[in-house]
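Structure assessment
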Amino acid sequence: ENIPHFSVQMKVQLNLESIDQNRYATLSLEELEALLKEQLSKQMCNMAKSAVDKAFFEGESDIFLFGLQLKKQCNDDWKNLQKDWRSVMKKSVMDYSCEVHINRLGQEANPN
């Protein structure tokens, strides 16, 4: 239907050297890692969505070069959409995903 569909994928690496044991004392390191991955993934996806919404949809600015990606991956479609890109881009569908990797998860000894 000439509606572009984009997938925004991010990979985040987290170096976590210590945590406050008092705050997360009831969680195992595995549970804490899963919680951090889930929360960071949601936060990063929300930040990306907010940036795309403001610049691409509200500001009608293709600063993230979605049009260029469309041209590279679907050149025939781009040729048809190029002349009306500003109006077509507002109809675009975006999917967001964020993969989080924690490189090191340490635990701080409680000084109390």
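Here, every reference points to the structure presented above.
Residues numbered from 1 in each chain as written. Predicted model: local features only at pLDDT ≥ 70, side-chain atom pairs only at ≥ 80, totals over all residues. Heavy atoms only, no water.

Those residues of helix α2 (residues 66–73) that fall on the buried side of the exposure criterion are F66, G67 and L70. For α2, the angular spread of buried residues about the axis comes to 100°, placing them on one side. (Buried < 20%, exposed > 50% of the residue type's maximum accessible area, 1.4 Å probe, protein only. Helix = DSSP H or I, 4+ residues; strand = E, 2+ residues; numbered from the N terminus. Arc of directions from axis to C-beta.)

In this model, E60 sits at a positive phi of 50°, which is unusual for a non-glycine residue. You can see E60 is positioned in the loop between α1 (29–58) and α2. Residues other than glycine seldom take positive phi values, yet L65 does so here, at roughly 60°. Locating L65 in the fold gives a position in the loop between α1 and α2.

Before going further, it helps to examine the packing of aromatic side chains. Taken as a whole, this structure holds six aromatic pairs when the rule is applied. Ring geometry for F56 against F66: centres 5.0 Å apart, planes inclined by 70°, an arrangement best described as edge-to-face. Taken together, the residues F56 in helix α1 and F66 in helix α2 connect sequence positions ten residues apart. The exposure class assigned to F66 is buried, which follows from its relative accessible area of 9%. Members of the aromatic cluster, each reached through a chain of ring pairs, are F6, F56, F57, F64, F66, W78 and W85. (Phe/Tyr/Trp six-rings, centres within 6.5 Å; stacked < 30°, edge-to-face > 60°.)

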